[in-house]
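Structural characterization, general
Here are the chains, one letter per residue:
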Amino acid sequence: MHKEILEQVYSVSDFNKNGHLLIEKLTSHLEDKINAKSRNAINWNEPEQELKFWKDFLIHGDEIDLFQEITKRTTHIHHPNYLGHQVSPPAPITALTSLISSLLNNGTAVYEMGMASNAIERIVMDIICNKIGYDTDSSGFLTSGGTLANLTALLSARKAITKVDIWNKGTQNQLGIMVSEEAHYCVDRAARIMGLGDQGIIKVPVTNKFRMDTELLEVKFKEAKEKGIEIFAIVGSAPSTATGIFDDLEVIGTFAEKQKIWFHVDGAHGGAGIFSKKYRHTLKGIERADSVVIDGHKMMMMPALTTALLFKNEVNAKATFSQKADYLLSDSEHEDWYNSGKRTFECTKNMMSIHWFTLLKLYGEEVFNANVTQLYDLGANFAKLIEEEPNFELALQPMSNIVCFRYWKAGLNTENLNELNIKIRQALLEDGEFYIVQTKLKGIHYMRITVMNPFTKTENLQHLLNKIKIEAKDLLSNDQ
């Protein structure tokens, strides 16, 4: 009995049959969504109804319909009307590299279990370091997501800057980091995981353009020092997730050098701009950072999760985790680059490097230049459309493909406008033709788009505004 079911599970002929079936279904899905043959970017369902459906499907559903139902009941990020979260519509070739990784299942913590992927990862890291502007002392590695990468970078910073060996002896005094009040929540989370607490997260206010107010850096640093807090790092956002605004990395780098603290850039979203000839300027000063995070699954057309963590000095990457596992890792320094488990949290990680390598091999660096430039251009186009509409208001001029805006009507106070924009966004979600998200900036509620699909056109963006006007008119008439 056991043998029979296992032989069925590992049936090569079943794999071949199901694989061909799945590829056909996904090909049809891509053709439909990229060309917007179907109307909706999302087929919204309430959480409890969705849970009920899948409970029933587990018992009564036809296995032939499994792939089809999963595909149908997801957010269609390849659809031009997908303007929601910062998740890239993966290049179809990376679905195939994901298949290779999943089937071969070679973890890359030790060279013996990841020969190809470790060597490939090293090559990719060298290319990215070079694009940042680092010299040959630099290096990095891939890890599972920006949250984990930012935490690792801050641990590296603590190891390099603080005077006490905290990794082995524990915390001896109050430590802190400086970060914009608009920084991604994962930086705050990382600091709390490290035991810094509220007092160790020094939030720097932003200007009216939502950039870190660098004129306050010296004041905030001095205040922290007077409270007995040892600042060991400052984080620059490139850009902030909520606003898409880049901090002034040049000025922050100068401050970090003066105070002899670690300079980290969270470029999870916008770090890919190092490949854009037109928008490289948004990252001016990034080469001064001690560490940089860039997500492949945001602006670089790869599936989640794959994130590059780059270090100006490779020594800092090696020193972060001084922990030895005799059965896995030797002490030989020259082996460090191909035993990546010495530098990451992960003892097992998938062969994510092959996504990066395959795109570079097939299309070259130009593919990243083209994607970032196209998406940022569309963000600027959308801002122009909003400025031409009398009942719309930009939160701020965008610097990237992230645009925050709201529907505005004379005679409504802030509370009523907030409520109206929340209702408009919810109506769009339930309708499903477009998928956008929302944010709150200084007490004002904004709708928010991130143009992630290179097949989105200006006409799609204009249609969104027209649809919002209709929804607003209906909501306002119902309230009267």
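Residues numbered from 1 in each chain as written. Predicted model: local features only at pLDDT ≥ 70, side-chain atom pairs only at ≥ 80, totals over all residues. Heavy atoms only, no water.

Labelled according to an unreviewed UniProt entry, the protein chain appears under the name L-2,4-diaminobutyrate decarboxylase, originating from Maribacter orientalis. One UniProt comment on the protein chain, placed under Cofactor (unreviewed entry), says "pyridoxal 5'-phosphate". Quoted verbatim from the Sequence similarities (unreviewed entry) field of UniProt, the annotation for the protein chain is "Belongs to the group II decarboxylase family." (UniProt positions renumbered as here; feature names shortened; annotations may be inferred.)

**Quick word on the domain arrangement of the protein chain**
By a widespread convention, an interface's size corresponds to the accessible area lost as its parts come together. Taken domain by domain, the protein chain consists of domain 1 (106–363) and domain 2 (367–479). With centres defined by C-alpha atoms, the gap from domain 1 to domain 2 works out at 31 Å. With 31 residues of domain 1 at the interface, the matching set in domain 2 holds 22 residues. Both faces combined, the contact of domain 1 with domain 2 buries some 2300 Å², and carbon together with sulfur accounts for 69% of it. Linking aspartate 377 and lysine 278 is a salt bridge whose minimum nitrogen-to-oxygen distance equals 2.8 Å. (Domains from an automatic or database assignment. Contact = heavy atoms within 4.5 Å. Buried area = accessible area lost by both parts, 1.4 Å probe. Salt bridge = Lys/Arg side-chain N within 4 Å of Asp/Glu carboxyl O.)

**Some details on the UniProt feature "modified residue: N6-(pyridoxal phosphate)lysine" (unreviewed entry) in the protein chain**
The UniProt record annotates "modified residue: N6-(pyridoxal phosphate)lysine" (unreviewed entry) at Lys298. Within the secondary structure, lysine 298 is located in helix H12 (residues 296–299). Relative accessible area serves as the criterion here: at 16%, lysine 298 is assigned to the buried category. Residue contacts for lysine 298: discarding those within four places in its chain leaves Gln86, Ser88, Ala268, His269 and Met452. Among the polar contacts listed, one links the side chain of lysine 298 to the side chain of aspartate 295, at a separation of 2.6 Å. (Helix = DSSP H or I, 4+ residues; strand = E, 2+ residues; numbered from the N terminus. Buried < 20%, exposed > 50% of the residue type's maximum accessible area, 1.4 Å probe, protein only. Polar contact = N/O pair within 3.5 Å; in protein donor to acceptor, adjacent residues only side chain to side chain.)

**Examining the sheet that holds strand E3 (residues 201–204)**
Strand order in the open sheet made by the seven strands is E1-E7-E6-E5-E4-E2-E3, with mixed pairing throughout. At either end of the open sheet lies a strand with only one pairing partner, and these are strand E1 (139–143) and E3. Strand after strand, the sheet turns through a mean of 20° between neighbouring axes, direction not considered. Pairing analysis gives five bridges linking strand E4 (residues 230–237) to strand E5 (residues 262–266), with the strands arranged parallel. Bridge pairing in E5 links valine 235 to histidine 264. Strand contacts of helix H6 (residues 115–132): E1, strand E6 (291–295) and strand E7 (307–311), with the helix running at about 120° to E1, the strand carrying the most contacts. (Pairing = 2+ DSSP bridges. Axes fitted to C-alpha atoms, helices over the stretch in contact; angles between N-to-C directions.)

**Remarks on the pairing of E3**
Here strand E2 (residues 175–180) runs beside E3; their pairing, made up of four bridges, is parallel. Looking at the pairing, methionine 178 lines up with isoleucine 202 of E3. In this fold, the crossover linking E2 to E3 by way of helix H9 (residues 185–193) has right-handed handedness. (Right-handed = clockwise from strand over helix to strand, strands pointing away.)

**Re the pattern of salt bridges**
The final tally for this structure, using the stated rule, is 25 salt bridges. Here aspartate 188 and lysine 203 are joined by a salt bridge, their closest N and O atoms 3.5 Å apart. With a gap of 15 residues between them, aspartate 188 in helix H9 and lysine 203 in strand E3 connect regions that are remote in the sequence. The exposure class of aspartate 188 is buried, given its relative accessible area of 18%. Several salt bridges converge on common partners, so that one network encompasses Arg39, Asp431, Glu433 and Lys467.

**Quick notes on the pairing of E1**
Counting buried residues along E1, five of its five residues qualify, which places the element largely inside the surrounding structure. Residues Ser139, Phe141 and Thr143 point to one face of E1 and Gly140 and Leu142 to the other, with burial holding for every one of them. Bridging between E1 and E7 involves five bridges; their strand directions are antiparallel. Across the sheet, glycine 140 pairs through a bridge with leucine 310, a residue of E7.

**So, the packing of aromatic side chains**
According to the stated counting rule, one finds twelve aromatic pairs in the structure shown. Residues tryptophan 54 and phenylalanine 57 carry aromatic rings whose centres are separated by 5.3 Å and whose planes lie at 65° to one another, so their mutual orientation is edge-to-face. One end of the pair is tryptophan 54 and the other is phenylalanine 57, both in helix H3 (residues 47–60) and three residues apart, which spans about a single turn. On the basis of relative accessibility, which here comes to 26%, the residue tryptophan 54 falls in the partly exposed class. Connected via pairs of aromatic rings, a cluster forms that spans Phe382, Phe392, Phe405 and Tyr407. Here the guanidinium or amino end of arginine 73 rests over the ring plane of phenylalanine 53, the centre of that ring lying 3.5 Å away. (Phe/Tyr/Trp six-rings, centres within 6.5 Å; stacked < 30°, edge-to-face > 60°. Lys NZ or Arg CZ within 6 Å of the ring centre and 35° of its normal.)

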